[in-house]
Amino acid sequence: MKDNPDTENILKVENINFAYDGAPVLDDLNFTVRKGSFTSILGPNGSGKSTLINLLSKVLKGYTGRIEIFGNDIKNLNPRSISKLVSVVPQYSNPGFDFTVEEMVLMGRFPYISRFGREKHSDFLIVGSVMEKTGITGLAGKKFNELSGGEKQRVVIAQTLVQDTPIILLDEPTSHLDINFQIEMMELFYGLNRNEGKTVIGVFHDINLASNYSSTAIFLRQGKIYASGDIASVITRENIRNVFKSDVYVGKNPFTGKLYVSPTFASDTPDNNDSRKEKNINIKVHVIGGGGAASPILNLLYNKGYMLTCGVVNNFDTDLDTAEMLGISYVSEAPFSPISLYSANKNLEFIKASNIVILPAIAFGHGNFSNLVSVEEAIDMGKKVIVVTGEAIAKRDYTDGKSQKLYKKILEKGVICVDNIQKITEML
Amino acid sequence: MQIRRASKTKYIILLVIILLIFIVVAASVGSAKLSVKETGLIIASFIPGINYFIDSGSLNPQSVKIISEIRLPRIFLAIFVGIALACAGVIYQGIFRNPMADPYIIGVSAGASLGATIGLMLVSGIRLLNLSMASLLAFAGAIGVTFLVYNISRIRSRISVVTLLLAGVAISALINSINSFILIFRSQDLAKVIFWLMGGLTAASWQQFFIVAPIIVVLLIVSSFFMNDLNLISLSDERASQLGVDTEKVKKILLVLASLIAAAAVSVSGIIGFVGLITPHIMRLISGPDHKSLFPASAVMGGIILLFSDTIARTLLEPREIPVGIITSIIGVPFFIYLLLRSKKEVF
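Residues numbered from 1 in each chain as written. Chains lettered and ligands numbered in written order. Predicted model: local features only at pLDDT ≥ 70, side-chain atom pairs only at ≥ 80, totals over all residues. Heavy atoms only, no water.

### A short note on the overall build of chain A
A count of helical and extended segments in chain A gives 18 helices and 18 strands. Its C-alpha atoms give chain A a radius of gyration of 28 Å, more than 25% over the compact-globule value 22 Å for 428 residues. When its C-alpha atoms are laid out on the principal axes, chain A stretches across 95 × 45 × 45 Å. Counting the 428 residues in chain A, one finds 52% classified as buried. Taking the contacts inside chain A whose residues are at least 6 apart along the sequence as the reference set, 67% of them involve residues at least 24 apart. For chain A, the accessible area works out to roughly 18,800 Å², and carbon and sulfur atoms hold 51% of it. For chain A, the distance from the average position of its 46 positive side-chain charges to the average position of its 47 negative side-chain charges is 3 Å. (Helix = DSSP H or I, 4+ residues; strand = E, 2+ residues; numbered from the N terminus. Rg over C-alpha atoms; globule rule 2.2 N^0.38 Å. Buried < 20%, exposed > 50% of the residue type's maximum accessible area, 1.4 Å probe, protein only. Contact = heavy atoms within 4.5 Å. Areas by Shrake-Rupley, 256 points an atom, 1.4 Å probe, with all protein chains shown as cover. Lys, Arg positive; Asp, Glu negative; His and termini not counted. Charge placed at Lys NZ, Arg CZ, Asp CG, Glu CD.)

So this is what it looks like as structure tokens:
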């Protein structure tokens, strides 16, 4: 089974093009979805996410290309057969008539009820168990139109789940609901994905919610796939900047270890000029870390859009946490251990790749002396080096004068000195 | 849930019993006064199996004749027209997702009026299949205009409900103007035409009944197989498609069926308003919006309402007849306004 790509890829999309009144909405999409995966479709408004969901469920026709489900072209499947394979959870809407909750849920069994027959006992059993699972058993006899938003969404989810399909599509079903309900519903779909092997493909607005639950993601921009694949490879600072035109931190949630996206709130920083940021992305800056002295510099330059690296920092150092939160590449060393030759070399590689090296006002001991050595080598390589002077070097030297000596030598070799980190940006 | 559905079947059985009682009562009233008991016996004597127990010799032959040849054809025609209008109303309201839709909303009445006008004025002497030219042309007009409206509102093989409604209103207005225009030149026919437009069953006969009733029955049976689909379409076209309905196809089928049903009724009764609008409403309040039970329940209720109205129409100002359309409007409008006021508090 595993060797057969047709059973592994439950859904295959080939060269899909779709236009509304001549205006292209989806432009040559190609992707596959693996059986049992949880895939997020992300992208700004108007990028074609919902259109894609409508094509996959054959609600919209008139596309060119090929959509395969379990190896069958959906053009050859009638609506009834498709609705036994693919179900869609939309945002709830109010029907014109006063259906009860159980009537609404039972409607999801439509594909299984023959035109000339009626519901079987098994249909009622499934309806009962799904209502239990979605917590709406107590609402059975109530009018749908009289429920709260969260309850209505639950009913629509139940209506979809009784379809009992291997593929479940989510069309932003939670984005208009309270946070507790969003999480509850995502947990429900995650459970179906994990425990019942359902393949879940969802359109989400909330990247954090999506990245917390999905294994893979597809980034859409203007009807094209901008990036796709493993969630961590898709949700990066660069991708979000290019797709959403918005600058964010991409870090890891310290509680769950999952990706975490947070806006940089550009209004906090004096430089809110996008074109300038675009320019800065080509400038690579390496910041020597240690004891938290690098953190404010990393933050500042991150907001300006520079490409950053950091090293060598010990594990549990504040600078390492900062680098991690900002999604910056870094060289680390075991806690309270001297910098190994391996790490020092790795650090040099970063320096080699960078345009500018910054030395914050950090303290030097025997353990991190090699960081200072690497700065000297940076000068020898011809890199522009900026030194933040701060506290006198004598007070920061725990190497019996060894560091002071090298520090002075470095200053003499020709570096830019700044006494305030805000001035760094002027020197870059 | 199964228990709840069984109780809905009970509603329908109850309504059928009420209808049967109404038939007997309606057959007993009229210019020749007959007792309910005598009427009951006469009607029973027509039913195979039961007539074995009735001494037909004891029945007044004149009364038998009045009931069998004058009152019963009219009663049954009224019932079937009522059934047809109510069922067409259920279908239109479901497709339009709007409880204010009625069988005439996309041009059936305008088309039928024009057809009837032409039939009454130009070719009034000719009959075909025992139906007057007015009936036949009314049927043709109703179908023709519906077809026109339908094609106007079709955008790339999809039917937009809003466009359909607007096109229906616009084309109806146009057709009604043409109708009025024709009437300017034939003012001598004005009374005839207006009387027809107000709706009535004065011309009822068994011949009419046996042509129209089977058509209506067949169309209703076919329609009844699409009630699950209609439930889903009443949510939204998109949701119906997601849940497995071939939405565009089913909408087309149901629109054609409902228009044929309404046209068949209109061709023998003229324009009888409000039955198709209020009957589905009443039944939705009583037995809920599930079309599987709403459809048969509305059918029986439609029969009851029109039979009741027609009985009043022919007896209230005896020997003078009131067009039944006036009676249904007098009953229907206050109810309609009540629903409007009620609907202010609800989300439609």
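### Re a nonpolar patch on the surface
Residues and elements named next belong to chain B. There is a patch of nonpolar side chains on the surface, built from L190, I194, F195, M198, I326 and I330 and spanning about 480 Å² of accessible area. When contributions to the nonpolar patch are tallied by element, the ones reaching two or more residues are α7 (190-198) and α14 (324-343). Broken down by element, the nonpolar patch gets its largest block of residues, 4 residues, from α7. As for its position among the elements, I326 is in helix α14. (Patch = residues over 30% accessible without salt bridge, like charges linked within 9 Å, V, L, I, M, F, W, Y side chains within 5 Å. Salt bridge = Lys/Arg side-chain N within 4 Å of Asp/Glu carboxyl O.)

### Focus on the packing of helix α12 (residues 295-303) of chain A against helix α13 (residues 318-326) of chain A
Residues and elements named next belong to chain A. At a minimum axis separation of 9 Å, α12 and α13 run at an interaxial angle of 20°. One way to sum up the angle between α12 and α13 is to call them roughly parallel. In terms of crossing hand, the pair formed by α12 and α13 is right-handed. Counted together, S295, L298, N299 and Y302 of α12 and T318, D319, T322, A323 and L326 of α13 form the full contact between these two elements. Of the residues that constitute the contact of α12 with α13, the class distribution is 4 nonpolar, 4 polar and 1 charged. (Axes fitted to C-alpha atoms, helices over the stretch in contact; angles between N-to-C directions. Parallel < 35°, antiparallel > 145°, perpendicular 65-115°, else oblique. Left-handed = near helix turned anticlockwise from the far one by under 90°. Nonpolar A, V, L, I, M, F, W, Y, C, P; charged D, E, K, R; others polar.)

### A few points about the pairing of strand β11 (residues 248-252) of chain A
Residues and elements named next belong to chain A. Extensive coverage of β11 is indicated by the burial of 4 of its 5 residues. Pairing between β11 and strand β12 (residues 259-263): 5 bridges, direction antiparallel. Among the inter-strand pairings, G251 is bridged to a residue of β12, identified as Y260. (Pairing = 2+ DSSP bridges.)

### Observations regarding the sheet that holds strand β2 (residues 23-34) of chain A
All names here are of chain A. Pairing within the open sheet is antiparallel, and its 4 strands lie in the order β2-β1-β4-β5. Across the chains shown, the open sheet's two edge strands, defined by having one partner strand only, are β2 and β5 (72-73). In the sheet, strand β1 (residues 9-20) pairs with β2 via 8 bridges, with the strands oriented antiparallel. Its bridge partner being in β2, N9 is matched across the sheet by R34.

### Some thoughts on the interface of chain B and chain A
Counting residues at the interface gives 35 residues for chain B and 39 residues for chain A. Across the interface of chain B and chain A, roughly 3,200 Å² is buried in total on both sides, 57% from carbon and sulfur atoms. The interface formed by chain B and chain A holds 1 salt bridge in total. Across the salt bridge formed by R115 of chain A and D229 of chain B, the nearest N and O atoms sit 2.9 Å from each other. Applying the counting rule to chain B against chain A returns 6 residue pairs in polar contact (both at pLDDT 80 or more). Residue assignment for the side of chain B that touches chain A shows that the elements contributing at least two residues are α1 (2-28), α3 (61-96), α9 (227-233), α10 (237-242) and α13 (291-315) of chain B. (Buried area = accessible area lost by both parts, 1.4 Å probe. Polar contact = N/O pair within 3.5 Å; in protein donor to acceptor, adjacent residues only side chain to side chain.)

### A look at the domain arrangement of chain A
All names here are of chain A. Looking at chain A, the domain boundaries give domain 1 (5-259) and domain 2 (266-427). Distance from the C-alpha centre of domain 1 to the C-alpha centre of domain 2: 45 Å. In this complex, domain 1 contributes 9 residues to the contact, which on the side of domain 2 involves 13 residues. Interface area, domain 1 with domain 2, both sides summed: about 910 Å², of which 46% is carbon and sulfur. When the buried surface of domain 1 facing domain 2 is broken down by residue, R237, R241 and Y249 rank first, second and third, together holding 55% of it. Applying the counting criterion to the domain 1 and domain 2 interface returns 0 salt bridges. (Domains from an automatic or database assignment.)

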